[in-house]
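# Understanding the architecture of this molecule
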Amino acid sequence: MSIGARTKRFDGPSKVDGSALYPGDIPLDNPLHAKVVFSNKPHARMVSMDTSGAYAVPGVVAVLTAADVPMNEYGLTMFDQPVIVGVDGTGRSAVPSDISRWEADHIAVVIAESVEAAVAGAEALVVEWEDLPIVGDIDAALKGDTLVHPHNGKPTNVFYDYKIRRGDMDAGWEAADVVVESIYEMPHQEHAYLQPEAAVSYIDDEGRVTVQIAGQWIHEDRGQIAHALDIPDDHIRVIYPAIGGAFGGREDMTLQIVMALAARKVHGLGIDRPIRSIWNREESILGHHKRHRARVVTKWGATNDGKIVAVDADVYMDAGAYNYTSNKVLGNFHVAIAGPYAVPNVRVDSMAIYTTTVPGGAFRGFGAPQAGFVCESQINKIADVLGLDPYEVRRCNLLGEGDPTITSRPLPIGITMDQVLEECAARTDAWSESPAERDLAPFASLPPTDAAIRTGTGLGIGFKNVGFSFGFPERCEATIELFGETDDYDSATVFHAGADVGQGAHTVFAQMAADALGLSVEKVSREMSDTATSGDSGSASASRLTWMAGHAIGEAAAVAQKAWGDGERPARGHYRYEPPASEAIDPDTGVGAPFITCGYVAEAVELAIDVETGHIEILRMVCVTDAGRVVNPVLAEGQIEGAVVQALGYTLTERLVVEDGRIVNPRFSGYLIPGVADIPRTLEVVNLELPDPQGPWGIRGIAEMPMIPCAPAVIAAVHDATGVWIDEFPLTPDLVRKHLRAAGIA
């Protein structure tokens, strides 16, 4: 059986020895080089741009401007951004093309014989701007003096909103014995994937505009390229070579459209040469979206026995300059604000807000980590106020099968939050029997000051939808071909478009195909991530890909087996899987069933904190997930461990500084992702493998869940150690010191 086997990743050796070909590594014959030029203007109107200086640079072949974009607009869920900002646009889009609303808006692409010539050409552009007022944060946006998108007909910078109205709030407050009110601030987070953006483009042998790039959904990339170029989808080909991480950061466009335009531009000049563009790390951090920063003002009421009776919340989410996936992230944020708990009385207003800053978009967890921080912090505070065990408060409020959520509909069948919580409790019970080492030394050159070191423990839990939600049409296609010289097939090829962004998806696809066909995994070859060979897989996001691909691959295998039995040689089977539909929630009441299925997680941490310096070290941590049936345990464990470390970076070290619409620390020297020394001394990963009744082979998704409860668990542990609640993060030493000093500690 291939399901459950610790199969080694097929791409592992090539990534270790350096032979894997990422987009920037693909060998090309006599390539041209493209330099994308950013506006460097958070908010300004272009008055003019003179390209003659660029064309005068030796080696410059062409300069793309807004005039080269037939339909100058794009966006994954809403067309609200120009592909290229400029004064010479075609005027066919409703989005004004002459205004830069983000410092990394593209204003030109210089194509040249060398990288040096392309850079020189970019520097030779002469651009005149009329500066416009900066809308630098949520407060400035809500003030409303300047509209970021005045053309969209909205009277304010709030462009998308959701509501929940459930029960009787007056009755809820009357029933409450305690009320906890808080204002939470959540930061941006940079994806920090290892491979910066890079792409290759050319016209292939069949005349298709072809882009090789790292992304998360080849068919959506193709669709957005086709829309901007105003040509049919089948005139575009998108291929994903090796991908060095994504985490949601490659869902939206970076180089896809402009590189397609570049290939078409030089082809029109009679030049049939491939083009390459590679961003450096600074361009990457400036040039793609981030996890949304947000503010939540909330009030929760509970009875003396810990029962939650009322939740009131206002969610303000900074979308940045453009929507990207903000309207969808906001939906997840909105419906998860009360967590996996049964609450009879709820009022929530959530809004996405334009500012002239870096756009917010998809990032592992997709709104759930922000909601989890709010929800779990409130639960922990209620337990503290009432003097109750945090586990007990959760137990008495958990949703069970058939219980209505805050959207007045139950979660999908297969709720296992209670079992996950109990396993986490059992694991942490053992901590009291074996105290952790607490020799925290904030400075390597100085011994620890034992009197300043305090320890604490904290808990957080959460759930996350698996798959597209809120009525968005879900689908996944797979094709399988069977081969053999006798009456029995002995090998197969699986064709699938799903992106392997580093999680090992292509290995898992082969394992599922092998299991369905009764073959060894070595007998299954793979044709992956090419719009010319595969049907639409949907994206590598929403913890959905293994779940959805498993359905499609299993059914495609059955179709291929039938074809083999009917005498086809080779036998080919294709299947498009469409799960039961989710529902959009009612715009006025929030009533609806937005999810297909869900995954569940609980995390507990023990930490040491130096109250003099504000330094924190995670001593030990347990992460319990219900992953359903695990296809490949080693890959699943790696996903969970990686997510935990990424969540700790979000919680402790990763502060993206945005001032006056500009990112001021776009390098890893100033934006600190966790290193080896920041990983917990002990990290225990537990997969319960409780089968999802809707999942193929009982599979659930797991990739995002460990992101959700980490921040509230760490902050609860800080409170346990110091008695101080901190309602913002990342918990860098200066921020921790500020809050401890304000509380009179040290």
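Everything numeric here is computed off the predicted structure, so don't read it as measured data. (Residues numbered from 1 in each chain as written. Predicted model: local features only at pLDDT ≥ 70, side-chain atom pairs only at ≥ 80, totals over all residues. Heavy atoms only, no water.)

The secondary structure content of the protein amounts to 17 helices and 25 strands. In terms of overall size, the protein behaves like a compact globule, its C-alpha atoms giving a radius of gyration of 26 Å where 746 residues would be expected to give roughly 27 Å. By residue count, 62% of the 746 residues in the protein fall in the buried class. Across the protein, the fraction of contacts at a sequence separation of at least 24, relative to all contacts at a separation of at least 6, is 80%. (Helix = DSSP H or I, 4+ residues; strand = E, 2+ residues; numbered from the N terminus. Rg over C-alpha atoms; globule rule 2.2 N^0.38 Å. Buried < 20%, exposed > 50% of the residue type's maximum accessible area, 1.4 Å probe, protein only. Contact = heavy atoms within 4.5 Å.)

Read across the sheet, 7 strands follow the order β3-β5-β1-β12-β9-β10-β11 without closing on themselves; strand pairing throughout is mixed. Every interior strand has two partners, whereas the edge strands, β3 (60–64) and β11 (236–239), have only one. Here the average twist between neighbouring strands, direction ignored, is 20°. The pairing of strand β1 (residues 32–38) with strand β12 (residues 275–278) spans 2 bridges and is classified as parallel. What sits directly across from Leu 32, in β12, is Ile 275. Sheet contacts for helix α3 (residues 115–123): β1, β3 and β5 (106–112); angle to β1, the most-contacted strand, approximately 30°. Strands in contact with helix α7 (residues 256–268) are β1, β3, β5, β9 (198–203), β10 (209–213) and β12; relative to β9, the strand with the most contacts, it is inclined by about 35°. (Pairing = 2+ DSSP bridges. Axes fitted to C-alpha atoms, helices over the stretch in contact; angles between N-to-C directions.)

Here 4 strands make up an open sheet; going across it, the order is β16-β21-β22-β25 and the pairing mixed. Each edge of the open sheet is held by one strand with a lone partner, namely β16 (453–466) and β25 (682–687). Neighbour to neighbour, the strand axes of the sheet diverge by 10° on average, direction disregarded. Examined bridge by bridge, strand β22 (residues 616–626) and β25 share 6 bridges and lie parallel to one another. Residue pairing in the sheet places Met 621 in a bridge with Leu 683 of β25.

By secondary structure assignment, the location of Asn 345 is in the loop between α9 (326–335) and β15 (346–354). Residue classification places Asn 345 among the buried residues on the basis of a relative accessible area of 10%. Reaching out from Asn 345, the side chain makes a polar contact with the backbone oxygen of Val 309 at a distance of 2.8 Å. Those residues within four positions of Asn 345 in sequence are excluded, and the remaining contacts are Arg 166, Gly 167, Asp 168, Met 169, Gly 172, Val 309, Ala 310 and Val 311. (Polar contact = N/O pair within 3.5 Å; in protein donor to acceptor, adjacent residues only side chain to side chain.)

The description of an aromatic ring pair rests on the distance of the ring centres and on the angle between the ring planes. Tallying each qualifying case throughout the model produces 14 aromatic pairs. Where Tyr 162 meets Phe 470, the ring centres are 6.0 Å apart and the plane angle is 45°; that geometry is what we call tilted. A residue pair is termed long-range when its members are at least 10 positions apart, and Tyr 162 in strand β7 (residues 158–166) and Phe 470 in the loop between β16 and β17 (476–483) qualify at 308 residues. The residues Tyr 162 and Phe 470 share a single accessibility class, namely buried. Each ring, one from Trp 547 and one from Tyr 577, has its centre 6.3 Å from the other, and the planes form 65°; the classification is edge-to-face. In this pair, Trp 547 is assigned in helix α14 (residues 545–565) and Tyr 577 in strand β20 (residues 571–577), connecting sequence segments 30 residues apart. The aromatic ring of Phe 363 is capped on one face by Arg 291, whose charged end is 4.1 Å from the ring centroid. Of note, Arg 544 hangs over the ring of Phe 468, and the distance from its end group to the ring centre comes to 4.5 Å. (Phe/Tyr/Trp six-rings, centres within 6.5 Å; stacked < 30°, edge-to-face > 60°. Lys NZ or Arg CZ within 6 Å of the ring centre and 35° of its normal.)

Before going further, it helps to spend a moment on the nonpolar core. If you look at the biggest cluster of nonpolar residues, it comprises 207 residues, and the most contacted ones within it are Ile 111, Met 186, Ile 337, Ile 480 and Leu 731. Residues in contact with Met 186, not counting those within four places in the same chain, are Arg 293, Ala 294, Arg 295, Val 296, Phe 333, Gln 370, Phe 373, Val 374, Tyr 650 and Phe 729. By size, the runner-up hydrophobic cluster in this structure holds 18 residues, among which are Ala 44, Met 49, Ala 108 and Val 110. (Core = buried A, V, L, I, M, F, W, Y, C linked by side-chain atoms within 4.5 Å.)

This part takes up helix α17 (residues 733–742). Those residues of α17 lying buried are Leu 735, Val 736, His 739 and Leu 740. Down the axis of α17, the sector holding all buried residues measures 130°, keeping them to one side. (Arc of directions from axis to C-beta.)

Our next topic: the pairing of β15. β15 sits mainly inside the fold: 9 of its 9 residues count as buried. Every second residue of β15 is oriented toward a common face, with Val 346, Val 348, Ser 350, Ala 352 and Tyr 354 on one face and Arg 347, Asp 349, Met 351 and Ile 353 on the other, all of them buried. Both β7 and β15 contribute to a ladder of 8 bridges, which runs antiparallel. Among the inter-strand pairings, Arg 165 is bridged to a residue of β15, identified as Arg 347. Pairing of strand β14 (residues 308–320) with β15 involves 9 bridges; the strand directions are parallel. Bridge pairing in β15 places Val 311 opposite Val 346. Running through α9, the crossover from β14 to the neighbouring parallel element β15 is right-handed. (Right-handed = clockwise from strand over helix to strand, strands pointing away.)

Taken as a whole and judged by the stated rule, the model has 43 salt bridges. Here Glu 423 and Arg 427 are joined by a salt bridge, their closest N and O atoms 2.7 Å apart. On the criterion of helical spacing, the pair formed by Glu 423 and Arg 427 is a turn pair, its members being 4 residues apart in helix α12 (residues 417–429). For Arg 427, a relative accessible area of 30% puts it in the partly exposed group. Residue Lys 464 pairs with Glu 704 through a salt bridge whose shortest N-O separation is 3.0 Å. Of this pair, Lys 464 sits in strand β16 while Glu 704 sits in the loop between β25 and α16 (710–722), and the two are 240 residues apart along the sequence. Overall, Lys 464 belongs to the buried group, its relative accessible area being 2%. (Salt bridge = Lys/Arg side-chain N within 4 Å of Asp/Glu carboxyl O.)

Contact pair helix α10 (residues 368–386) / α16: the axes reach a minimum separation of 8 Å and the direction vectors enclose 30°. Classified by the angle between their axes, α10 and α16 sit roughly parallel to one another. Considering the relative orientation of α10 and α16, their crossing is right-handed. Contacts from Gly 372, Phe 373, Glu 376, Ser 377, Asn 380 and Asp 384 in α10 reach Ala 711, Pro 712, Ile 715, Ala 716 and His 719 in α16. A class-by-class count of the residues in the contact of α10 with α16 yields 5 nonpolar, 4 polar and 2 charged. (Parallel < 35°, antiparallel > 145°, perpendicular 65-115°, else oblique. Left-handed = near helix turned anticlockwise from the far one by under 90°. Nonpolar A, V, L, I, M, F, W, Y, C, P; charged D, E, K, R; others polar.)

Turning our attention to the environment of Ser 582. Mapped onto the elements of the fold, Ser 582 is located in the loop between β20 and β21 (597–610). The exposure class of Ser 582 is buried, given its relative accessible area of 10%. Sequence-distant contacts of Ser 582, defined by excluding residues within four places in its chain, comprise Phe 468, Ser 469, Phe 470, Gly 471, Phe 472, Ala 593, Pro 594, Phe 595 and Ile 596. A polar contact is formed between the side chain of Ser 582 and the backbone nitrogen of Phe 470, at a distance of 3.4 Å. A distance of 2.8 Å separates a polar atom in the side chain of Ser 582 from the backbone nitrogen of Gly 471.

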